[in-house]
Amino acid sequence: MSHAIAFDTLSSVKRLKEAGFTDAQAEVQTRIIAELVDERLATKQDLKEFELRLELRLSAELAPLKWGMAITVGGIVAIILKFFSPHRLASIKMPTSEKKEGVWGIHPPGF
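Nothing here was measured: the structure is a model prediction, and the numbers come from that model. Counting restarts for each chain, with residues numbered from 1 along the sequence as it is written. For a predicted model such as this one, the threshold for reporting local features is a pLDDT of at least 70, and the threshold for listing and counting side-chain atom pairs is 80 or more; totals across whole chains, interfaces and linings nevertheless cover every residue. For side-chain calculations, the full set of non-hydrogen atoms in the structure is used, while hydrogens and water are omitted.

S.K.: When you look at a nonpolar patch on the surface in this model, what are you seeing that I'm missing?
M.R.: Together, F50, L54, L58, L62 and L65 give the surface a local cluster of nonpolar side chains, amounting to about 470 Å² of exposed area. Helix numbering and strand numbering both begin at the N terminus, where a helix is a DSSP run of H or I of at least 4 residues and a strand a DSSP run of E of at least 2. Tracing the chain through its elements places L54 in helix α3 (residues 44–83). Surface patches are drawn from residues lacking salt bridges whose relative accessible area is over 30%; two like charges belong together within 9 Å, two nonpolar side chains (Val, Leu, Ile, Met, Phe, Trp, Tyr) within 5 Å. Method for areas: the Shrake-Rupley scheme with a 1.4 Å probe, in which residue coverage is limited to the protein chains shown. Each reported salt bridge corresponds to a side-chain nitrogen of Lys or Arg within 4 Å of a carboxyl oxygen of Asp or Glu.

Encoded structure:
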């Protein structure tokens, strides 16, 4: 970890001695606690740095997926545009004089 957490060792020793610990016991106990605090606890700055590294890693891993999706969508749009191009639509013959039957063979009104 890059930043130390403040741990008041003098105050800790005093409180342990007031609770009945010997000088040696209070000092050892305080040293153990101080080491644990330094080695195991993360500061807000540590968490911010971790968050930044995680965001950068995710961005790097998601970038190829974004490009793949963009290329796929572009291909789909190109296919749709090709299908609905004016010369292709002109070649499709639409019936003009046939009456369309509705559901169950009934002619809709106005046809």
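S.K.: Quick question: what am I supposed to make of α3 here?
M.R.: Since one α-helical turn is 3.6 residues long, residues separated by three or four positions face the same way. The span you would expect from a helix comes to 1.5 Å times its residue count less one. The end-to-end C-alpha distance of α3, which contains 40 residues, comes to 56 Å, matching closely the 58 Å that a straight helix rising 1.5 Å per residue would cover. Along its length, α3 shows its largest kink, about 35°, at L62, and proline P64 lies within four residues downstream of that point. Values of bend correspond, residue by residue, to the angle between axes fitted over the seven residues ending at that residue and the seven starting there.

S.K.: Explain the pattern of salt bridges here, please?
M.R.: A side chain of one charge can pair with a side chain of the opposite charge when the charged atoms of the two come close. Summed over the entire model, instances satisfying the criterion amount to two salt bridges. Of the charged contacts, one joins K17 and D23 as a salt bridge, the two residues approaching to 3.1 Å between their closest N and O atoms. Burial here depends on accessible area, computed with a 1.4 Å probe over protein chains only, as a share of the maximum for the residue type. Under 20% is buried, over 50% is exposed, and the range in between is partly exposed. Overall, D23 belongs to the partly exposed group, its relative accessible area being 45%. A salt bridge links E61 to R57; the nearest nitrogen and oxygen atoms lie 3.2 Å apart. In this pair, E61 and R57 are both assigned in helix α3, four residues apart and thus about one turn of the helix distant.

S.K.: Honestly, helix α2 (residues 23–40) in this entry has me stumped. Any pointers?
M.R.: Between its first and last C-alpha atoms α2 spans 26 Å; for 18 residues at 1.5 Å apiece the expected length is 26 Å, and the two agree. Buried residues of α2: A26, T30, A34 and V37, and no others. In a view along the axis of α2, the buried residues occupy a sector of 65°, so they form one face of it. Among the exposed residues of α2, those oriented more than 90 degrees off its buried face are E39 and R40. Should any heavy atoms of two residues lie within 4.5 Å, those residues are considered in contact. Residues of α2 that are buried make contact with α1 (9–18). Comment: arc refers to directions from the helix axis out to C-beta atoms.

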